[in-house]
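Descriptive structure summary
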Amino acid sequence: MMKKKSVPASKPFLILFLCQIISALDVPLDLSQPPTITHQSPKDYIVDPRENIVIQCEAKGKPPPSFSWTRNGTHFDIDKDEQVTMKPNSGTLVINIMNGGKAEAYEGVYQCTARNERGAAISNNIVIRPSRSPLWTKEKLEPNQVREGDSLVLHCRPPVGLPPPIIFWMDNAFQRLPQSERVSQGLNGDLYFSNVQPEDTREDYICYARFNHTQTIQQKQPISVKVFSMDSLNDTIAANLSDTDIYGAKPVTERQPVLLTPTGSTSTKVELRGNVLLLECIAAGLPTPVIRWIKEGGELPANRTFFENFKKTLKIIDVSEADSGNYKCIARNTLGSVHHVISVTVKAAPYWITAPRNLVLSPGEDGTLICRANGNPKPSISWLANGVPIAIAPEDPSRKVDGDTIIFSHVQERSSAVYQCNASNEYGYLLANAFVNVLAEPPRILTPANKLYQVIADSPALLDCAYFGSPKPEIEWFKGVKGSILRGNEYVFHDNGTLEIPVAQKDSSGTYTCVARNELGKIQNEVHLEIKDPTMIIKQPEYKVVQRYGQVSFECIIKHDSTLLPTVIWLKDNHELPDDERFLVGKDNLTIMNVTDKDDGTYTCIVNTTLDSVSASAVLTVVARPNPPFDLELTGQLERSIELSWIPGDENNSPITHFIIEYEDGLHEPGVWHYQTEVPGTQTTVQLKLSPYVNYSFRVIAVNQIGRSQPSEPSEQYLTKSASPDENPANVQGIGSEPDNLVITWESLKGFQSNGPGLQYKVSWRQKDVDDEWTSVIVANVSKYIVSGTPTFVPYEIKVQALNDLGYAPEPSEVIGHSGEDLPMVAPGNVQVHVINSTLAKVHWDPVPLKTVRGHLQGYKVYYWKVQSLSRRSRRHVEKKILTFRGNKTFGMLPGLEPYSSYKLNVRVVNGKGEGPASPDKVFKTPEGVPSSPSFLKITNPTLDSLTLEWGSPTHPNGVLTSYILKFQPINNTHELGPLVEIRIPANESSLILKNLNYSTRYKFYFNAQTSVGSGSQITEEAVTIMDEVQPLYPRIRNVTTAAAETYANISWEYEGPEHANFYVEYGVAGSKEDWKKEIVNGSRSFFVLKGLTPGTTYKVRVGAEGLSGFRSSEDVFETGPAMASRQVDIATQGWFIGLMCAVALLILILLIVCFIRRNKGGKYPVKEKEDAHADPEIQPMKEDDGTFGEYSDAEDHKPLKKGSRTPSDRTVKKEDSDDSLVDYGEGVNGQFNEDGSFIGQYSGKKEKEPAEGNESSEAPSPVNAMNSFV
C-alpha cells in the first residue's frame, strides 16, 4: 500500500478544494443505497399569502425513495386536501392558494420523510408562516409645539409585520427628510431631534413602513411640528399657555447632553453568534452632542467595526463570544458629557464541529458515526435511526451508541440504515442525516478514461481517480504505460484517489495510470497531463496623466502559450468599459479619445485563457484647468482696504498654484478688468488695498499647471470715498518745438488715480540758474501745455502737480527741460585731412563753441566727394557722400576712397534742429594703388604653334599703368604643369601673338596689369594649339569673371564645346586648405550668383562641366566688399537730379521700344567668320527663360564697351573693386548692394563716364541695364 502524504498547512485553498471533492464522493446510483435529502426549504419559511406555497423536499436513493409529510408532529395526509399536491418523483409540496386557499390555514411545522428499503431520511422542521403587512392603527396626533433649542422625539410605532418593516421618514413631496448629527432616525424608527431649530417647523413629518416581502408601503398620518421662541411668540400660542408658562419662558440657552435612548446609565443586550450587533446612543443637548464609543477593558474589533447614523450607532459584524463585554457610549458638547454602558452577552445557537458523514462498509467491517456540535449554552446531542429515536428503534447488535458517537462492529447487510443527529439548545437546533450502507462491491473508477488535464507550468496539477468499492480499494499511481509506482516527496496522494503534483514542470507531461484494487477485484484508468507556458503581460499599462479632451492609450502586450487562445478584457474601476465610441480597444492597447472627467479611474487589463488569468492595472488621472472660484464675499470694509474671500472650484486633479485677483472700476472704466494681486493656491482670503473714488468689483481666477480657470462671478460693488490725489503725473518733460517756446508734457493720471472728481493739473516753470519766481497755471485734465516767448534753448525747471475738488497732491519733484532749438550758428574750423593710403583718409576739425550750437549737440557730418580721377583726367558728376559722427568727436575716418583721385570735403555741426553752415571745402588727393584685373582676356586663332591673345584694360587702373605681365605654362594629359614663362608687355598694347608653341598642347595663361605701386589681380585662361589645320572643337570654359558685393558675387563665363553641358561652380576662401564648395548651375546658363559669402574676404572660384571628367576653367580670385556703414546722399531733392532722372526714364522707354521692334522682326546679325569656324555655341539663340535675346550686335570685336554694359558678346564681365568698410569709421550711411553687385541707396547719384574696352552687351535690355548704359 502506497504511503499517503499529508496536505501542507500552507495550502488552505487546496485543502478546501479537496474537501469539496471528498464530500462529493458518492455511492454510484446504480448501487443500492439509503435515501439522502438533497434539497429542502429553509427552517423559517415566510411565504407571500397571495401566491402558492411551495415546500421543497428532494432526495435520492436506490431504489428511489418514497415521501411522506408530518404537520405539527402528526401525519399530513395530502390526499385528503384538494389544495395540496406533491410533485411526481419528488417530495415537494405545492399548496394552491391562488385558487381559493388561504395561507393562514396552512401555518405550522412541516417535516418530510424520504424512505426506501434501506432506511429513511428526514428533513428539518420547516416552519411555514405567511407574511403580514397590517395597516397603521388610527390615532389622533396632536401638533408638537416646542421651544427652540429643546429636544424632540417623533414616534413612528409601525404595525407589527412579518418580517418587520423597513422604516423611513419623508415629506408630502416624497422627499426623504434630511438627517444630521442633530436630527436622526433611531433603530426603532423614531425621529430624534437633539435640539430643534426654527427651520424644523413643518406639518408633514411622515413615517413610512415598507414591507419588502409583500412589496407594500404603509404611511402614518403626518405629524406637525411648530418651533417657537419668546421673540416670535404670537397671540395664538400665548392663548394656549398659562401665565406661569409665559413668565417662566426663557431665551434659548445651551444645555449639556442628556441621553434620549437608551435611558438610564446601564442596559443589557444579548446577540447570537454570527449575527450583526447594533448598539445605539442618541443624546439631546445644545450645542449638538458628539458621540464616541469604547469597549471597557479592550479594543473594538478591527475590520468588523463600523459607525453609522453619525456615529450614534455602533455596528459589529459576525460577532463571536469574544465580543461579549461592556460597551460605553459617551455624548459630549462644550458644557459637559453623559455616558451609558451596554453590557453585551453573545449566545450561540448550535453549530457544527463534526457533522456525521455517510459510511459505506463491507460485510464484517467496523466503522463509526461522529456528531459533535457546540453552542452557548452547550447543545444536547440525540440520535435517531430512520427518523425514530434510537432508544425505541429496532435493535441492531452491530451498533453501540456512545454519546455523540455510534460505533459499528462486524456489520451485516441488515445494518444498513439512515441515522439522524440532532444538536439543540434554547436558541436553535441542527439536524444531519448520515447513512450506513453495507455493500460488497469490486473496485470501479468513476473518472472518465483518457481524461486530458492541462496545467500551467509551476502550478499544482491534480489528477483525479474517483473510485468506489466495498471494501474500500487501495489506490496506486504509475507514470507511463510500463512505469514504476510513483513515490517520493514530489507527489501528494489524497484519500479520494487524487494525485497531486505540487509544482508541475514541463517534464511532468505524459500519461498517468491509476490502479484501484480490493479483495473483490482490480481496475485501472489512464489520464494525460499537458504542461502549458504561463500567460504573462510583458508590457503593462502605465500611470497616465492627460488633459481634458486629450487622447490617452494604455498598452497591454501579452505573451502566452501558442496552444492557448487568450482573450483580453479591459475594465474601468472593476466594471465593464462604458458603452462609448470614444473607447477603442485594439489588439494590445486601449485608446480613449476626447477624454472627459468621468474617464478618471483605474483601468485593468485582464487576460484569460482556459487555464490561467493575469491582470495589470494603471490609473488614469484627467487634469484640466480648475473650475472658477465662487461665493465671493467682501468683509472688513475700510476707506483704503477690504477683505475678499472665496471658495475654490474643483482643481480637476491638478493642484491650484495661485489665485489672481482682478478688479473693475465701474465709475471710470466699466467693463475693463485690471490685475490687482495674486495669492498662493492654499489661501482663500486676501486683504486688498484700495484707492479713493473707485467703484470696485472683484473677481478671482484660479491657476494650476494646466492653465487659468474662467473668472469667477464678480463680487458685489464697493465705492470708496473721495480724497485728494496721492500722486502726481509721471514722465514730465520740457522740449521746445520752436526756437521761442517750451512744450511741457506729462502722462495724465488714470481715472482711479484721480481719487476724486474735478481732476486738474498745476503746471509751474521758471528759467534755471536765474533768480525768477515760479510761473504757474492750472489746466484741465490734459497732458500738454505750451509756454511761448522763451529764449532759444534755455534750461527751465518744470513741475506738474495734480489736484481735484478735495485738494492737491503732494509737492511734485522738479525736472529740467529746454526751450526750442535753432540751427547752429558757426562751422567747425581748422579742418585737416591726413591721407593714410590710397583708399583711406583721416579728417580732423576743431569743435564749435557750445553756445553757438543753440541746441543739443548731436554730432558732426562730413560731406566728401570725388572731383576727378587723376589717371583719366576726366570729370564726372559730383556724388556727395556723408558720414555722421555722433557726439562731440573731432575726427573721423573716410573709407572707400578711390586711388589716384582728387577729393573735396567739408564739415558741419548738427543739433536737434538741423545742420549748421559748412566749413570751407578742403581738397586732398589719394595716391596710386594697384590696378584691378584686366577687363577680359580672350585667346583666338589657334594654329599648330601659335595663339592670339586679346585683352581689355583694367576697369579701375587706380593709377598710371606701366605694363602688363603675361605668364603661361603647358599642361599635360595628367594636368601637370610645365615650366612657367613670363613676358612683360607695354601698357599701350591690347593684343599679342604667341609663336613657337608646341602643337596639340594645352596652355594655361596668367595675365595682370601693373602700376608703379605693384601688380593687380590676375585673370587666367586656358587654350590649346591644334593638331592640324582643321580646327577641332575643344570643350573649354574661359573668361571667368566676377562682380562681387558684400555677401554675394555674380560669376559669368564663356563656354565652347558640346551642347547641353551641365555646369557647376566651385569656390573657396583663397589660401585656405579646405575643400572646394560646389554649386550646381540650373540649366545651361553661363552665369551664377554665389550667395551667403563673408564680407571683406578673398575667394577663389572656377567653373566646370558635368560629364567632362576633369574639365574645368582656370581659377579666378575676387574679394567681397566690406560691411558698409550707412551713408547719406543729399541729392534726392535737387532739381538737376530730378531732371536727369526724367531724361533717363525717357531714354529707357525709347530703348525698350527699339529692342521690341528689332526682336519682332526675327532677324539676326551676322557674326564674324572665325566665330562660325569655331562653331561657338554662343551664336545659338538663348532660351527666353535665360532672360537674354538670341541676336548679336553687329559691332566689331574691338568696339569700345558702353559704360554700364555688364556682359560683352564674348561673355566676359568686368571686375570691379569694392569700397573699404565704413562700419568702423562712421555712422548714418544708408548704402547697400543690389543683387548684381552695384551699390545703391544714397550713393546712386550720377557718376563720371569711364572708358572700357569690349563688345556691346547682348543681354536683353532691362531698366537697370539701360540706365547703366546711359549714365
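Only a predicted model underlies this, so the values are computations on that prediction, with no experimental measurement involved.

**Focus: the overall build of the protein chain**
Each helix and strand in the protein chain was counted, giving 7 helices and 95 strands. The proportion of buried residues among the 1271 residues of the protein chain is 45%. Put simply, 67% of the contacts in the protein chain that link residues at least 6 apart link residues at least 24 apart. Summed over all atoms, the accessible surface of the protein chain reaches about 63,900 Å², with 50% contributed by carbon and sulfur.

**Brief notes about a nonpolar patch on the surface**
Together, L1146, L1147, L1149, I1150, I1153, V1154, F1156 and I1157 make up an exposed nonpolar region whose accessible area comes to about 730 Å². Here L1146 lies in helix α5 (residues 1135-1161).

**Some points on unusual backbone geometry**
Cis geometry marks the peptide bond from T261 to P262, where omega comes out at -5 degrees. Turning to its location among the elements, P262 is positioned in the loop between β20 (255-261) and β21 (266-272). Omega for the bond connecting L286 with P287 falls within 30 degrees of zero, at 0 degrees, which places this linkage in the cis form. For P287, the position within the fold is in the loop between β23 (282-286) and β24 (290-295). The phi dihedral of N89 falls on the positive side, at around 55 degrees, and the residue is not glycine.

**Some remarks on the pattern of salt bridges**
Tallying each qualifying case throughout the model produces 37 salt bridges. A salt bridge links K532 to E530; its shortest N-O distance comes to 3.2 Å. Classification of K532 by relative accessible area gives buried; the value is 8%. Assessed through its relative accessible area of 31%, E530 is described here as partly exposed. One salt-bridge network, held together by shared partners, links D171, R202 and D204.

**Focus on the state of the cysteines**
Covalent bonding between the sulfur atoms of two cysteines is what defines a disulfide. A complete count under the given rule lists 6 disulfides for this structure. Between the sulfur of C57 and that of C112 lies a disulfide, 2.0 Å long from S to S. Residues C57 and C112 are joined by a disulfide whose S-S torsion is about -70 degrees; by sign, that bridge is left-handed. Of the two residues, C57 is situated in strand β4 (residues 57-62) and C112 in strand β9 (residues 108-116); the sequence distance between them amounts to 55 residues. In terms of burial, C57 and C112 fall into one category: buried. Residue C465 pairs covalently with C514 via a disulfide, S to S 1.7 Å.

**Comments concerning the pairing of strand β49 (residues 552-555)**
Side chains V552 and F554 project from β49 onto a buried face, and the interleaved S553 and E555 project onto a face without burial. Across 4 bridges, β49 lies against strand β54 (residues 589-592) in antiparallel orientation. Within β54, the residue paired with E555 across the bridge is N589.

**What about the side chain of S645?**
Mapped onto the fold, S645 is located in strand β58 (residues 641-647). A relative accessible area of 16% means that S645 is categorised as buried. When sequence neighbours within four positions are dropped, the list of residues in contact with S645 reads D631, L632, E633, T684 and T685.

**Observations regarding the environment of K226**
Take K226: it is sitting in strand β19 (residues 223-228). The exposure class of K226 is partly exposed, given its relative accessible area of 36%. A sequence separation of 26 residues divides K226 from D200, and the C-alpha atoms of the two residues are 7.6 Å apart.

**Focus on the environment of H975**
One can find H975 in the loop between β82 (963-971) and β83 (981-986). Considered as a pair, H975 and R1002 are 27 residues apart in the sequence and their alpha carbons are 9.5 Å apart.

**Some details on the sheet that holds strand β90 (residues 1077-1080)**
An order of β90-β89-β92-β93 is seen for the 4 strands of this open sheet, with the pairing classed as antiparallel. Only two strands of the sheet have a single partner each, and these edge strands are β90 and β93 (1116-1119). Neighbour to neighbour, the strand axes of the sheet diverge by 30 degrees on average, direction disregarded. Taken together, the 4 bridges between strand β92 (residues 1098-1106) and β93 define a ladder with antiparallel strand orientation. Looking across to β93, one finds that V1101 is bridged to D1116.

**Brief notes about the side chain of Q1010**
With respect to the helices and strands, Q1010 occurs in strand β85 (residues 1002-1010). Residue Q1010 is classed as buried on the basis of its relative accessible area of 15%. At 2.6 Å, the side chain of Q1010 and the side chain of R984 are in polar contact. One polar contact links Q1010 to S1015, side chain to side chain, over a distance of 2.7 Å. Residues within four places of Q1010 in sequence aside, it is in contact with P931, V960, L961, T962, S963, I965, R984 and S1015.

**Focus: the sheet that holds strand β61 (residues 685-689)**
Across the sheet, which stays open at both edges, the 3 strands sit in the order β57-β58-β61 with antiparallel pairing between neighbours. In the strand order of this sheet, the two ends are held by β57 (630-635) and β61, each with one partner. Shown here is a sheet whose adjacent strand axes are inclined to one another by a mean of 25 degrees, direction ignored. Here β57 runs beside β58; their pairing, made up of 4 bridges, is antiparallel. Residue pairing for β58: E633 is matched across the bridge by S645.

**So, a negative patch on the surface**
Taken together, D631, E633, E643 and E716 make up a surface patch of like negative charges. Within the secondary structure, E716 is located in the loop between β62 (695-704) and β63 (718-719).

**Considerations on the packing of aromatic side chains**
Under the defined criterion, the tally for this structure stands at 24 aromatic pairs. Their ring planes at 40 degrees and their centres at 6.5 Å tell us that Y491 and F493 sit as a pair that is tilted. Like F493, Y491 is buried. Taking 5.4 Å as the distance between ring centres and 25 degrees as the angle between the ring planes, the aromatic pair formed by F554 and Y603 counts as stacked. You can see F554 sitting in strand β49 and its partner Y603 sitting in strand β55 (residues 601-608), a full 49 residues away along the chain. Taken as a pair, F554 and Y603 share a single burial class, namely buried. One aromatic cluster in this structure is built from F168, F174 and Y208. Above the ring of F554, the side-chain terminus of K544 is found at 5.5 Å from the ring centroid.

**Notes on the nonpolar core**
By size, the foremost hydrophobic cluster in this structure holds 28 residues, and its most contacted members are I53, I55, W69, I95 and Y110. Looking at this core, the elements that each hand over two or more residues are β3 (53-55), β4, β5 (66-71), β8 (93-95), β9 and β11 (126-130). Among the elements that line this core, the one with the most residues is β9, at 3 residues. Residues in contact with W69, not counting those within four places in the same chain, are I55, Q56, C57, T74, H75, F76, M86, G91, L93, Y110, Q111 and C112.

**Section: the confidence of the model for the protein chain**
Averaged over all residues, the pLDDT of the protein chain is 84; the fraction at 70 or higher stands at 84%. The model gives residues 1162-1271 a pLDDT under 50, and that stretch makes 280 contacts with residues more than four places away or in other chains.

**Concerning the pairing of β92**
Summarising burial for β92: 7 of the 9 residues are buried, a large majority. Bridge count between strand β89 (residues 1062-1069) and β92: 8 bridges; the pairing is antiparallel. By the bridge assignment, G1068 is partnered in β92 with K1100.

**Focus on the environment of K762**
One can find K762 in strand β66 (residues 760-767). Residues K762 and I778, 16 residues apart in the sequence, show an inter-C-alpha distance of 4.3 Å. Setting aside anything within four residues of it in sequence, one finds K762 in contact with S776, V777, I778, K799, V800, Q801, L803 and Y808.

Rules of the game
Residues numbered from 1 in each chain as written. Predicted model: local features only at pLDDT ≥ 70, side-chain atom pairs only at ≥ 80, totals over all residues. Heavy atoms only, no water. Helix = DSSP H or I, 4+ residues; strand = E, 2+ residues; numbered from the N terminus. Buried < 20%, exposed > 50% of the residue type's maximum accessible area, 1.4 Å probe, protein only. Contact = heavy atoms within 4.5 Å. Areas by Shrake-Rupley, 256 points an atom, 1.4 Å probe, with all protein chains shown as cover. Patch = residues over 30% accessible without salt bridge, like charges linked within 9 Å, V, L, I, M, F, W, Y side chains within 5 Å. Salt bridge = Lys/Arg side-chain N within 4 Å of Asp/Glu carboxyl O. Disulfide = S-S within 2.5 Å. Pairing = 2+ DSSP bridges. Axes fitted to C-alpha atoms, helices over the stretch in contact; angles between N-to-C directions. Polar contact = N/O pair within 3.5 Å; in protein donor to acceptor, adjacent residues only side chain to side chain. Lys, Arg positive; Asp, Glu negative; His and termini not counted. Charge placed at Lys NZ, Arg CZ, Asp CG, Glu CD. Phe/Tyr/Trp six-rings, centres within 6.5 Å; stacked < 30°, edge-to-face > 60°. Lys NZ or Arg CZ within 6 Å of the ring centre and 35° of its normal. Core = buried A, V, L, I, M, F, W, Y, C linked by side-chain atoms within 4.5 Å. pLDDT = per-residue confidence, 0-100.

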